[in-house]
Amino acid sequence: MYGRIIAGLSCLGLLAACSEESGVRPVPVAQGDYQATIRWTSHGVPHILAEDLGSIGFGLAYAGARDFVCTLADQIVKVRSERAKTFGPGEGDANIDSDFSYLALGVAERGERMLERVSPDARALLEGYAAGYNRYLEETGASGLPAPCTGAAWVKPVSPADLAAYYIHVNMFAGSLQLLDFLSRAAPPAPGERIGARELDLPDFTHLGLGSNAWAIGRERAEGGQGMLVANPHFPWEGELKFHEAHLTIPGQLDVYGAALTGLPVINIGFNEHVAWTHTVSPAKHFTVYRLTLDPDDPTTYIHEGKPRAMERREHTIDVLSDDGSVSQVSRVMYRSHHGPMLGASVLAWSTEQAFALRDANEDNVTAVDQWLAMDRAKSLDELRRANEELRGIPFVFTTSVSAEGEALLMDASRVPHLSDATLSAYESALRRDGLTGVLASSGIVLLDGSKERDEWVETQGAGALVPWGDVPSLARTDFVMNANDTPWLANPAEPLVGYPALFGKRGDLVSARTRMNIVLLTEEGEDAASGKDGLFSREELTEAILSNRGLTAERLRAQVVERCDGAAPVDVEGEAVDVADACLALASWDGRLDLDSAGALVWRELLGRFSDRDTMDAGRLYAQPFDPEDPIETPRDLVEAPAEGPDPILVALAQATLTLAKAGLDPSTPLGDAQFVRKGDDNIPIHGGSGREGVTNIVGFSPDFLNSTLLPRYEASELINGATGLTPSGYPVNLGSSFIMVVEHTSDGPRAEALLTYSQSSDPESPYFADQTELFSQKTWRPVLFTQEAIEADPALVVKEVSGPR
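**Notes on the packing of aromatic side chains**
Then comes step 1: Within the structure shown, the criterion is met by 16 aromatic pairs.
Then comes step 2: Consider the rings of F87 and W154, whose centres lie 5.4 Å apart with planes at 70°: the pair is edge-to-face. In this pair, F87 sits in helix α3 (residues 83-87) while W154 sits in the loop between α6 (120-140) and α7 (160-171), placing the two residues 67 residues apart along the sequence.
Then comes step 3: Judged by its relative accessible area of 31%, F87 is partly exposed.
Then comes step 4: Taking the centre distance of 4.7 Å and the plane angle of 55° together, the rings of F205 and F287 count as tilted. Remark: F287 occurs in strand β10 (residues 287-295) and F205 occurs in the loop between β3 (195-196) and β4 (211-217); sequence separation between them is 82 residues. Of the two residues, F205 and F287, both sit in the buried class.
Then comes step 5: One aromatic cluster is present, built from ring pairs that chain together W237, Y759 and F777.
Then comes step 6: Over the ring of Y732 we find R605, and its NZ or CZ is 4.7 Å from the ring centre.

**Observations concerning the packing of helix α15 (residues 552-565) against helix α17 (residues 601-608)**
Then comes step 1: Their axes nearest at 12 Å, the elements α15 and α17 cross at an angle of 95°. Taken as axis vectors, α15 and α17 run roughly perpendicular relative to one another. In contact with T553, A554, L557, R558 and V561 of α15, α17 contributes W604, L607 and L608.
Then comes step 2: A breakdown of the residues in the contact of α15 with α17 according to their chemical character gives six nonpolar, one polar and one charged.

**Focus: the environment of L179**
Then comes step 1: Positionally, L179 belongs in the loop between α7 and α8 (180-184).
Then comes step 2: Using a relative accessible area of 0% as the deciding quantity, one classes L179 as buried.

**Comments concerning helix α9 (residues 368-377)**
Note on helix geometry: an α-helix contains 3.6 residues per turn, so any two residues three or four positions apart are oriented the same way.
Then comes step 1: In terms of burial, α9 is largely enclosed, as eight of its ten residues are buried.
Then comes step 2: Within α9, burial applies to A368, V369, D370, Q371, W372, L373, M375 and D376.

**Here we look at the nonpolar core**
Then comes step 1: If you look at the biggest cluster of nonpolar residues, it comprises 240 residues, and the most contacted ones within it are V69, Y133, V155 and W215.
Then comes step 2: Broken down by element, this core gets its largest block of residues, 16 residues, from helix α2 (residues 53-79).
Then comes step 3: Not counting chain neighbours up to four residues away, the residues in contact with W215 comprise M228, L229, V230, T400, V481, M482, N518, L521, L522, L542, A545 and I546.
Then comes step 4: Counting residues in each nonpolar core, the second largest holds seven residues, with F100, A104, V320 and M334 among its members.

**With respect to the state of the cysteines**
The bond known as a disulfide is covalent and runs between the sulfur atoms of two cysteines.
Then comes step 1: One pass over the structure, following the stated rule, counts two disulfides.
Then comes step 2: Sulfur-sulfur distance for the disulfide between C70 and C149 comes to 2.0 Å. Looking along the S-S bond of the C70-C149 disulfide, the torsion reads about -75°, which is the left-handed sense. Of the two residues, C70 is situated in helix α2 and C149 in the loop between α6 and α7; the sequence distance between them amounts to 79 residues.

**Quick notes on the confidence of the model for the protein chain**
Interpretation of the predicted coordinates at a detailed level should be avoided for regions scoring low in pLDDT.
Then comes step 1: Mean pLDDT over the protein chain: 94, with 95% of residues reaching 70 or higher.
Then comes step 2: The low-confidence segment residues 1-27, where pLDDT is below 50, has 52 contacts with residues more than four positions distant or belonging to other chains.

**Some thoughts on empty space enclosed by the protein**
Then comes step 1: According to the stated counting rule, one finds eight cavities of 30 Å³ or more in the structure shown.
Then comes step 2: Size it by volume and the largest cavity reaches roughly 190 Å³.
Then comes step 3: What lines the largest cavity is a set of 17 residues, among which F235, L261, H279, W372 and V397 lie closest to the centre.
Then comes step 4: Partitioned by chemical class, the residues of the lining of the largest cavity number twelve nonpolar, five polar and no charged.

**A word on the sheet that holds strand β27 (residues 676-680)**
Then comes step 1: With respect to topology, three strands assemble into an open sheet ordered β28-β27-β30, the strand pairing being mixed. The open sheet terminates on both sides in strands that have one partner only, identified here as β28 (683-686) and β30 (732-733).
Then comes step 2: Direction of pairing for β27 relative to β30: parallel, over a ladder of two bridges. Directly across from F677, in β30, lies its bridge partner P733.

What counts and how
Residues numbered from 1 in each chain as written. Predicted model: local features only at pLDDT ≥ 70, side-chain atom pairs only at ≥ 80, totals over all residues. Heavy atoms only, no water. Phe/Tyr/Trp six-rings, centres within 6.5 Å; stacked < 30°, edge-to-face > 60°. Helix = DSSP H or I, 4+ residues; strand = E, 2+ residues; numbered from the N terminus. Buried < 20%, exposed > 50% of the residue type's maximum accessible area, 1.4 Å probe, protein only. Lys NZ or Arg CZ within 6 Å of the ring centre and 35° of its normal. Axes fitted to C-alpha atoms, helices over the stretch in contact; angles between N-to-C directions. Parallel < 35°, antiparallel > 145°, perpendicular 65-115°, else oblique. Contact = heavy atoms within 4.5 Å. Nonpolar A, V, L, I, M, F, W, Y, C, P; charged D, E, K, R; others polar. Core = buried A, V, L, I, M, F, W, Y, C linked by side-chain atoms within 4.5 Å. Disulfide = S-S within 2.5 Å. pLDDT = per-residue confidence, 0-100. 1 Å grid on protein atoms, 1.4 Å probe; cavity = no way out; pocket = protein on both sides within 12 Å on 5 of 7 lines; lining within 4 Å. Points joined across faces, edges and corners; volume = space filled by probe spheres on them. Pairing = 2+ DSSP bridges.

As structure tokens, this is what we get:
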């Protein structure tokens, strides 16, 4: 195969000069320079061809910068702690706080250390990536940059250390980054004060707003008898967490296709000839908070094993741009315990008696680039597994993978702290007797005793302070494994996982309606089943299934709600009699799907918006029968009974749904596609899909601010009518959900795949690739992945460019 690539590209400059007729002008290259050939195909997908890893990084960065230069430049300013210097203090000193937060985390210093500790191959990638990005800036010039950073002086060249700092910060997304506000102003109480505190909302680490679905189909369930994969990450459609699609080839060494998060030099989700893999955000704990008992005479000294221990004190100074263009300086003293940086706000307030410190398992994650590079190169499922075992660089996600031979594997190899049995026992006791421990646990935060050696993370050979590899949850099968962000016990209901450490969760944990819908699609039987009458998935059946938009809660409860509301009298809502007949009729006529033409879907969404996520997972206000771990697909079930006296909560919710829709100018029969949309430029594109409460695999919605930390323009939703559903006066805007969707099938002729990048490849509003795939997604029109040399050369949209630069 590689021979065919070489032969087919002999005119592209890697082996010989190109003729004028080829349309490609050769670039003079000095011996040893970076050199890559970028072949852009339909929808702006770059296929990078080079002879070494440094040149792969160079070409990937050059191609990527064309699509996301403004976003990455903004993020580099952030991790350099230069936002206040560049953009001013920000509203409420937000930029000043951001700068000090990243100084507290030490991401710049950790980026320098990462460069010293990565493999030579990873360093070559980083150095090449920085050089390729900088070459793009040099060639384009400030005036040639796309909106919104055209002419911006803050778009500057980057160093490999800048990129490493950025990667360190991305790794900490599921931990420290959600606590930045608690880090930025953490300080001991002033003299004479008992407590120094700001009121902040505690982040809910049980609902970070990121999700995904992952299916690995083994040979027993694949029509072709070889491995298949469905990748369906649910990520933001704006900001730094967008994916960028690419194909990387070094003849004889590397040939991998997939997508990477903005600015990363490797494929994070993808496939090669031997394996395919994807990721889902894990609910496992990736950090711990320590409660410190303080010296009563000094709030910057804490007691550890009965002895005083001084905190590390560092004074940081940043530049701050004023409105008049002058620059002043602001300093803050920041503290660290031996556990990690100090926190200080709300329930984690720093007082004269106690304080709180954070330890994040990803703070020193220097192996993530090496980790994904090893997966990109893997020639077997065992190689992919060993890469996870030896490098332990996966930050906060499950890995679901499959081999060409049809072996499926799920593992949560994310960086989870190793706690001793004594620590876990003490923690379980604290959950029963200590209120704060329980409050933090309800938000997904583990609170440990920072005064005791007992609660230190346990170091073991080969794993450091992470859970030893032998205790990592994993399941290998030849039918299927899956994950939809719940704990790993239900990766396949035929073989529930047991025996893993508590910080990963436990067998029998409640599962979401979306997890249940995933399992229904994978296990149902019969002529109308997702896998067809034969029970074997084809690639077409997988593409249809993942975007089927079937809603689990509707399939379980809609008919019973219709029976309850049919012929019901008007319902009193705060003194107003609400006729629910039209809403009931819409539900009766609805097929339970979240497609563009689905009329009745809006009623169901607003009805469910009156209930909590937990109500869709267990008995309570919605379901009558509780969740049963022995019957996880069919439970919970049955609509809760109407009360013997008083208003029926189900009918009240239906009446409230009717009123809520009316406030937005919608009626019960409005099709979903007339109300749910994404704004691309001046156009609204209708979007199908739904929410976790609805139990649909194809999640879409509106993300909170913490999923987009850029200072770039973004879609601002108008005033919310219902915060639980995202309804605004203009309908349901979308900027989060299904992102890089891909279905891969291994065949005897190599991998075949279809994909969609829902928000499209380019962030440049003037690019033809700014909204093209969004339109395809709206229509559920998958596009073929061009992986072979023949397919790339045959693409009518093919554009070729040689790029090079000094090392």
